[in-house]
Amino acid sequence: MRMGTALIYDEEMTNYKLLWVDPACKIEVPERLTVSHETLVKSGLVDRCVSVPVREATDADILLAHSEEYLEAVKKTPYMTLEDLKEFTLQYGDVYFHPNIYHCAKLAAGAALQLVDSVMTGKVRNGMALVRPPGHHSMRSAANGFCVFNNVAIAARYAKQTYGVKRVLIVDWDIHHGQGVQYCFEDDPSVLYFSWHRYEHQKFWPQLRESDFDAVGKEKGVGFNVNVPWNKVGMQNSDYLSVFCHVLLPVAYEFCPDLVFVCAGFDSAIGDPEGEMCATPDVFAHLTHLLMNLAGGKLCAVLEGGYNLTSLAQSVCQTVHTLLGDPAPRPANLNGPCKSALESLHCVRSAHRQNWSCLKHAADLPTSDISTKRIKLGDEEDTVDKAEEEESAQEVFWPEPPGRVTPTVRTAVVLPDGVACPDGCKHFGSTEDLDPLVVDKLKYGAVVGHAPLKENFLGDAEHSDALSTLSSLIALAEKMEKNEICSGLALVHDVSMAMKFVVQHVASAPRNRVLVVCVGDGKVMSNITEDGKTLVVQFSNKDSDEQKCKHYVPVCLKKGHSEVSGFVQAVLSLLLPLGYEYDPSLVLLVRMPDSGLSESVWLQLTGLLQGLAQGHTLVLMQEGEEACVGPTASSLLGDPAPSLGQLLAPLPEDVQSVESLRHRLKADWKLLQTTAEETGRGDEN
Ligand code: FKS
Ligand code: ZN
């Protein structure tokens, strides 16, 4: 499949700026675009993208989300005097006009439309539009918050109208609430709008009652508006990822969009003067990755805010890298959500438990409803002197995200004779690759730098095929460890033995940790889970009698008509948080012969797991599963998984087993927590 990533940018959109003094608007500068674009150029990313020209949105396009009166009013602004512009501006909140902004606003909306066209016609798989002015605050008849036309709302309506797209997901990770997008779609069940935003119990701009978690949509659109208010500043990567795992992704998978938009504002990143959050730029690699297996990979990211030029540019690069298919860097210090984030999480899940079957089991709100806090806090304190606030605005430092070097070999395969090497993969493991050291190790159990094997796998070279396969596997794992190869796939005679062998080998090196994800009923020996060097998550239909410990997680799901949703929800709200918190150096994904997984579910699993361990996923499958080799290889090469269709409600007993596991494990694995009663990370939030 492998299609490109569009980048849409035009310097013309830097040709307007604030022409008078207005402290509210001074952060919205042309350099936001030039610096982002220059950083993309310097990192070589621009050359790897398909450059798509902007166009001007037409009146008809703009009218998809705005009133005629408003459009006509904005049309006059290029001819206004400075005084007229100032006065025109006064009727709106936190926005400024300029003689050239109407032109730029048409280009910004047009850029979003060009992106939709490129993705929907299959010219590219996904893409990003770098635009000014932003869009998500502008309303049907009003400019607001630096926004003139609602770029993403227009593009969503356009996609529905032009391409017959049935369901659209809009993920607004900007740190401000895109109330314009909410208003546009609040009664529309075909557009699911998700936004998280700095809220501070309604004290933060735009200070709207309807930005809270209980604004869930109206009429037919009930359930299709998801607001996550942040009531404290300083949210970190854990807080963001935990909302993705426990709210956005379960709902998004249940919804099953045909197209995904991101209102890609980066004022939610560390260093931003508006957001004052602490999530690092690399978190956007993960947020992007986690959305890339929805809608068959059709994702359109459109720039919104972002006011710390360094943080903005780094975050844009992380996003584009990921859209291009580069493996995400390992996420740093995920120490679980803070207390305030848990409160928000709990409230949102509870507010939506009637609307989404994945949240049906979410705990009810505690009796002391959070909204009472808002009213109480309304008139207190809050009188921090503006000048004082500015002076105390501390410069924040964070390490530059590590360079993202994709190994020259993306995916290597170890296959028995007669099984063709899939396109784009490197064949690995003919006898020439036999490493004498590994053979020795297989025979005698010791290799320099690694602890001796606990078991002697092959007494003699009696099974020379097995020997060469295992030796290739080890060689492959070592090349992955050195980042010379990104991912691997092996079709083996005895998948349990191969798993055991790879785990023992890889986990014996000092800095390694292996996440073993095992699908099927086969017995997983418990001795590999003693030392924390491995975390084993096994999905099966049989109740496990293995000892229960922090590092062995048996997920028992019943077979049945709803097995897909049960499995997917377990992956999103159990496996992913565990995986992120564990932060493995290698993911070993084992498909037992009896896995019972349909191909599309398997590919979702494969796709999602590649966000971990810098994309170092090694897949083991049993001989006989030849049909699965091609699709799995394609997933490892970065192709998106096919979409699963709208999910049914999971079986109650499946929900029960996942919930009881989360309950048992949440003290050890903080990213599994979803309610405020749990302790949360140890800072004051
Ligand atoms: C200054 C107060 C500024 C207005 C904030 C507007 C935010 C705009 C944005 C967009 F994405 F639209 F650009 N208040 N201390 O970032 O959401
Ligand atoms: Zn913003």
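Residues numbered from 1 in each chain as written. Chains lettered and ligands numbered in written order. Predicted model: local features only at pLDDT ≥ 70, side-chain atom pairs only at ≥ 80, totals over all residues. Heavy atoms only, no water.

J.: Got a minute to help me understand the coordination of the zinc ion (ligand 2) in this structure?
T.: Donor atoms from the polypeptide that coordinate the zinc ion (ligand 2) comprise Asp-174 (OD), Asp-174 (OD), His-176 (ND1) and Asp-267 (OD), at 2.0 to 2.6 Å from the metal. Residue classification places His-176 among the buried positions, given a relative accessible area of 4%. (Donors = N, O, S within 2.8 Å, 3.2 Å for Na, K, Ca; no water. Buried < 20%, exposed > 50% of the residue type's maximum accessible area, 1.4 Å probe, protein only.)

J.: What's the story with the sheet that holds strand 7 (residues 259-264) in this structure? I'm lost.
T.: Pairing between the strands of a sheet comes from backbone hydrogen bonds, and it takes one of two forms, parallel or antiparallel. Within the open sheet, the 8 strands sit side by side as 2-1-3-8-7-4-5-6. Their pairing is parallel. Looking along the sheet, the strands with just one partner apiece sit at the ends: strand 2 (50-52) and strand 6 (225-230). Across the sheet, the mean angle from the axis of one strand to that of its neighbour is 15°, orientation sign disregarded. For strand 4 (residues 168-172) and strand 5 (residues 191-198), the ladder comprises 5 bridges, and the chain directions are parallel. Bridge pairing in strand 5 links Asp-172 to Ser-195. (Pairing = 2+ DSSP bridges. Helix = DSSP H or I, 4+ residues; strand = E, 2+ residues; numbered from the N terminus. Axes fitted to C-alpha atoms, helices over the stretch in contact; angles between N-to-C directions.)

J.: Teacher, can you tell me more about the packing of aromatic side chains here?
T.: Here a ring pair, both rings aromatic, is described through the centre-centre distance and the interplanar angle of the planes. Enumeration according to the criterion identifies 23 aromatic pairs in this entry. With a centroid separation of 4.8 Å and 80° between ring planes, the pair formed by Phe-88 and Phe-97 is classed as edge-to-face. The buried category is assigned to Phe-88, whose relative accessible area is 9%. You can call Phe-97 buried: its relative accessible area is 0%. Arranged with centres 5.5 Å apart and planes meeting at 50°, the rings of Trp-196 and Phe-244 form a pair that is tilted. Highlighted residues: Trp-196 in strand 5 and Phe-244 in helix 9 (residues 237-255), separated in sequence by 48 residues. Overall, the relative accessible area of 0% leaves Trp-196 in the buried class. Grouping aromatic residues by their ring pairs yields a cluster made of Tyr-70, Phe-88, Tyr-92, Phe-97, Tyr-102 and Phe-149. Here the guanidinium or amino end of Arg-513 rests over the ring plane of Tyr-582, the centre of that ring lying 5.6 Å away. (Phe/Tyr/Trp six-rings, centres within 6.5 Å; stacked < 30°, edge-to-face > 60°. Lys NZ or Arg CZ within 6 Å of the ring centre and 35° of its normal.)

J.: How do you make sense of empty space enclosed by the protein when you look at a structure like this?
T.: Once rolled over the atoms, a probe with the size of a water molecule shows which space is left empty. Summed over the entire model, instances satisfying the criterion amount to 6 cavities of 30 Å³ or more. If you add up the space inside the largest cavity, you get close to 200 Å³. Lining the largest cavity are 17 residues; nearest its centre among them are His-289, Met-292, Gly-325, Arg-410 and Gly-638. Of the residues that constitute the lining of the largest cavity, the class distribution is 4 nonpolar, 9 polar and 4 charged. (1 Å grid on protein atoms, 1.4 Å probe; cavity = no way out; pocket = protein on both sides within 12 Å on 5 of 7 lines; lining within 4 Å. Points joined across faces, edges and corners; volume = space filled by probe spheres on them. Nonpolar A, V, L, I, M, F, W, Y, C, P; charged D, E, K, R; others polar.)

J.: Help me out: how do you make sense of the pattern of salt bridges in this one?
T.: According to the stated counting rule, one finds 20 salt bridges in the structure shown. Across the pair Arg-32 and Glu-28 runs a salt bridge, and its minimum N-O distance is 2.7 Å. The burial state of Arg-32 is the same as that of Glu-28; both residues are buried. Counted as one network, the salt bridges with shared partners bring together Glu-28, Arg-32 and Arg-132. (Salt bridge = Lys/Arg side-chain N within 4 Å of Asp/Glu carboxyl O.)

J.: Got a minute to help me understand helix 6 (residues 101-120) in this structure?
T.: One full turn of an α-helix is made of 3.6 residues, so residues set three or four places apart face in the same direction. In this model helix 6 runs 28 Å from its N-terminal to its C-terminal C-alpha over 20 residues, within 8% of the 28 Å that 1.5 Å per residue would give. Gly-122 sits one or two positions beyond helix 6 and adopts a positive phi of about 80°. (Expected span 1.5 Å × (residues − 1).)

J.: Help me out: how do you make sense of the nonpolar core in this one?
T.: In summary, soluble globular proteins display a tendency toward joint burial of nonpolar side chains. In terms of nonpolar packing, the biggest core is built from 184 residues, with Ile-170, Trp-173 and Phe-539 touching the most fellow members. The dominant element in this core, judged by the number of residues it contributes, is helix 6, at 13 residues. (Core = buried A, V, L, I, M, F, W, Y, C linked by side-chain atoms within 4.5 Å.)

J.: What exactly am I supposed to notice about helix 11 (residues 309-323) here?
T.: Helix length check: helix 11, at 15 residues, gives a terminal C-alpha distance of 21 Å against a target of 21 Å (1.5 Å per residue), a fit within 8%. Of all 15 residues in helix 11, 13 are buried; the element is thus mostly enclosed. Where helix 11 begins, one side-chain oxygen reaches toward the backbone nitrogen of Thr-310, 3.0 Å away; that side chain belongs to Asn-308. (Polar contact = N/O pair within 3.5 Å; in protein donor to acceptor, adjacent residues only side chain to side chain.)

J.: Got a minute to help me understand the site of ligand 1 in this structure?
T.: Not every one of the 16 residues close to ligand 1 is listed here, only the nearest: Asp-94, His-136, His-137, Gly-305 and Tyr-307. Here Glu-274 contributes a side-chain N or O atom positioned 3.0 Å from a nitrogen atom of ligand 1. Residues of the shell around ligand 1, tallied by class, amount to 6 nonpolar, 5 polar and 5 charged. (Near = heavy atom within 4 Å.)

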